[in-house]
Amino acid sequence: MFGFSFSLNRLLGVTAAKSKFARRTGIPTSKAGLERKVGRTLINILFKK
């Protein structure tokens, strides 16, 4: 079956819960998103007045 994929996380609502949490708190739930946010924050602290 082409174009069909199954995700247990989506079935259980984990993906939606993580997405809602991230939008409400402003804290990314993915590893890459969290690294970007931490890096951006550190650069802002070091180089902004």
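1. Remarks on the overall build of the protein
Looking only at helices and strands, the protein features three helices and zero strands. For the protein, the spread of C-alpha atoms along the three principal axes comes to 55 × 25 × 10 Å. Burial status across the protein gives 2% buried among its 49 residues. A total accessible area of about 4900 Å² is found for the protein, and carbon and sulfur atoms account for 63% of it.

2. A look at a nonpolar patch on the surface
Residues Phe 21, Ile 27, Leu 34, Val 38, Leu 42, Ile 43, Ile 45, Leu 46 and Phe 47 make up a contiguous nonpolar surface patch of about 930 Å² in total accessible area. Looking at which element gives the most residues to the nonpolar patch, the answer is helix H3 (residues 31-47), with seven residues. The exposure class assigned to Leu 46 is exposed, which follows from its relative accessible area of 64%.

3. Concerning helix H2 (residues 14-25)
The end-to-end C-alpha separation of H2 is 16 Å, in line with the 16 Å expected for 12 residues at 1.5 Å each. Trailing H2 by a residue or two, Gly 26 shows a phi angle of about 80 degrees, which is positive.

4. Focus on the confidence of the model for the protein
Summing up the model confidence of the protein, the mean pLDDT is 91 and the portion of residues at 70 or higher is 96%. Per-element averaging of pLDDT across the protein places helix H1 (residues 8-12) at the bottom with 92 and H2 at the top with 95.

The rules behind each value
- Residues numbered from 1 in each chain as written.
- Predicted model: local features only at pLDDT ≥ 70, side-chain atom pairs only at ≥ 80, totals over all residues.
- Heavy atoms only, no water.
- Helix = DSSP H or I, 4+ residues; strand = E, 2+ residues; numbered from the N terminus.
- Buried < 20%, exposed > 50% of the residue type's maximum accessible area, 1.4 Å probe, protein only.
- Areas by Shrake-Rupley, 256 points an atom, 1.4 Å probe, with all protein chains shown as cover.
- Patch = residues over 30% accessible without salt bridge, like charges linked within 9 Å, V, L, I, M, F, W, Y side chains within 5 Å.
- Salt bridge = Lys/Arg side-chain N within 4 Å of Asp/Glu carboxyl O.
- Expected span 1.5 Å × (residues − 1).
- pLDDT = per-residue confidence, 0-100.

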